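A look at the structure
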Amino acid sequence: MKRRGITILWSIIFILFCSACGAKTDKIQFSISEQPQPAENQHTEAVNDAEQGRDTEDGSDIKEISETESIQDELAKVEVMSCEYENADWGSMGQQEMNQLTAQWYQLWDDELNSLWRRLSEELDGETKAKVLDEQRAWIKRKEENIRGAGAAAFGGSLQPQLENSTAEEMTRARAYILAGYLADVRNEPFTIPPAIQESIDLADPGLNDVFEKFEGQWIFDEDRGACVGVERTETCAYGVEGSNWTVWVTGGDLISDLDVYGYTGNSILFKVAKDGYDAFYELSFNPANSIYFAFGTSLDAMDEVIVCD
């Protein structure tokens, strides 16, 4: 079954989403000449510096923060700038322009995240800092997996950077609010997240376990044989993969688990399994009819063997 329609659907969803902050604005002149570093690589260096005890403030990419400005007001200002990106005239842009502008939008929140992280690293006590550092490393891994999962929907096409940048922006914005709350607590400042923003934050940063729960069950693809794709918790699965939390199995076919996850989004999971002389890729995803696809191939843009389950 052809799956290219998913790419078109992503484009439509993104353009519709860009109306959320209100009418278009002419307040900002967007530059499309800059080339921010790839989405997966940003912020990681700052966390590495913190782990090694290196100074993360070099004066070049950390914005100036007023000593009298509250964390609440600081985030509100970044939201205003973020809405200007959201209200840009996306319909008049070509794909390259949208790729570059979404990268700059992501850069806006990544800069804020790095600024918050630097100050938080300086003000936390050692024990709490170690806990937050572990939490931040887990988030970086989760973000990178989500970015790969989002980009895979473009099958290597020109839309891929936009999908990756948009996912990175949404997750980094969500994480910035979490770190802002931590920093406000350290400083004994009041800090609240508006309900609308909290809802978007919850959607932007799905946990892998939550995504597996959406697929949990036995999905039939051949009623005559009773053949199905099973997505089960390993502890209750007859074919459970040792050391895993979730096992995915196909009647008369392959057996994979959450240990093989290569990337994921809120509605899809990618798997990568090393075979003799090649890598095998699998994808669990929902189709518009809320049935699931289980696709297989030897590369992300060539998963042409597809099982459709009800």
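What counts and how
- Residues numbered from 1 in each chain as written.
- Predicted model: local features only at pLDDT ≥ 70, side-chain atom pairs only at ≥ 80, totals over all residues.
- Heavy atoms only, no water.
- Helix = DSSP H or I, 4+ residues; strand = E, 2+ residues; numbered from the N terminus.
- Buried < 20%, exposed > 50% of the residue type's maximum accessible area, 1.4 Å probe, protein only.
- Contact = heavy atoms within 4.5 Å.
- Areas by Shrake-Rupley, 256 points an atom, 1.4 Å probe, with all protein chains shown as cover.
- Pairing = 2+ DSSP bridges.
- Axes fitted to C-alpha atoms, helices over the stretch in contact; angles between N-to-C directions.
- Phe/Tyr/Trp six-rings, centres within 6.5 Å; stacked < 30°, edge-to-face > 60°.
- pLDDT = per-residue confidence, 0-100.
- Polar contact = N/O pair within 3.5 Å; in protein donor to acceptor, adjacent residues only side chain to side chain.
- Core = buried A, V, L, I, M, F, W, Y, C linked by side-chain atoms within 4.5 Å.

As a further point, take the overall build of the chain. From N to C terminus, the chain includes eight helices and nine strands. Relative to its full complement of 310 residues, the chain shows a buried share of 45%. At a minimum sequence separation of 6, the contacts of the chain that also span at least 24 residues come to 58%. Of the accessible surface of the chain, which amounts to about 15,800 Å², a share of 49% is contributed by carbon and sulfur atoms.

Most peptide bonds take the trans form, and the phi angle of most residues other than glycine is negative. Residue F155 is not a glycine yet carries a positive backbone phi of 55°. Position of F155 among the secondary structure elements: in the loop between α5 (126–152) and α6 (160–186). With relative accessibility at 11%, the residue F155 sits in the buried group. Phi at N188 is positive, roughly 60°, even though this residue is not glycine.

Time to look at the sheet that holds strand β3 (residues 246–250). One open sheet accounts for four strands, arranged β1-β2-β3-β4; its pairing is antiparallel. Edge positions in the sheet fall to β1 (217–222) and β4 (255–257), since each of these pairs with one other strand and no more. If you compare each strand with its neighbour and ignore which way they point, the axes differ by 15° on average. As paired elements, β3 and β4 share three bridges and run antiparallel to each other. Residue pairing across strands places W249 opposite L255, the latter belonging to β4.

Glancing now at the packing of aromatic side chains. Counted under the stated rule, the structure contains twelve aromatic pairs. Ring geometry for F215 against F286: centres 4.4 Å apart, planes inclined by 15°, an arrangement best described as stacked. Residue F215 is found in helix α8 (residues 208–215), and its partner F286 is found in strand β7 (residues 278–286); the two are separated by 71 residues along the sequence. Judged by its relative accessible area of 0%, F215 is buried. Residues Y262 and F281 carry aromatic rings whose centres are separated by 5.9 Å and whose planes lie at 80° to one another, so their mutual orientation is edge-to-face. Placement of the pair is Y262 in strand β5 (residues 261–265) and F281 in strand β7, with a sequence separation of 19 residues.

It is worth spelling out the sheet that holds strand β6 (residues 268–275) at this point. The strand order across the open sheet formed by five strands is β5-β6-β7-β8-β9, and the pairing between neighbours is antiparallel. Either end of the sheet is taken by a strand with one partner, and the two such strands are β5 and β9 (305–309). Sheet twist, expressed as the average angle between the axes of neighbouring strands with direction ignored, equals 15°. α5 contacts β5 and β6 of the sheet and is inclined by roughly 75° relative to β5.

On to the confidence of the model for the chain, then. Regions with low pLDDT carry predicted coordinates that are not meant to be interpreted in detail. For the chain, the average pLDDT comes to 83, and 78% of its residues sit at 70 or higher. Mean pLDDT across the elements of the chain ranges from a minimum in helix α1 (residues 5–17), with 44, to a maximum in β3, with 97. Note on residues 1–20: pLDDT under 50 across the span, and 30 contacts to partners over four residues away in sequence or across chains. Note on residues 52–62: pLDDT under 50 across the span, and 13 contacts to partners over four residues away in sequence or across chains.

Relative to the helices and strands, W249 resides in strand β3. In sequence terms W249 and C237 are twelve residues apart; their C-alpha atoms lie 9.6 Å from each other. Aside from chain neighbours lying at most four places away, what touches W249 is Q218, C228, V229, G230, E232, C237, Y239, D254 and L255. A polar atom in the side chain of W249 sits 3.2 Å from the side chain of E232.

Turning our eyes to something else, we now look at the nonpolar core. Nonpolar side chains in soluble globular proteins tend to end up buried together. Counting residues in each nonpolar core, the largest one holds 33 residues, and the members touching the most others are I71, L75, W90, W109, L116, Y177 and F191. Residue assignment for this core shows that the elements contributing at least two residues are α3 (71–86), α4 (95–123), α5, α6 and α7 (195–204). With nine residues, the top contributor of residues to this core is α4. Once you skip the residues sitting within four places of it in the chain, L116 turns out to touch E74, L75, A176, L179, A180 and L183. Counting 21 residues, the second-largest nonpolar core is a separate cluster that includes F271, V273, A280 and I292.

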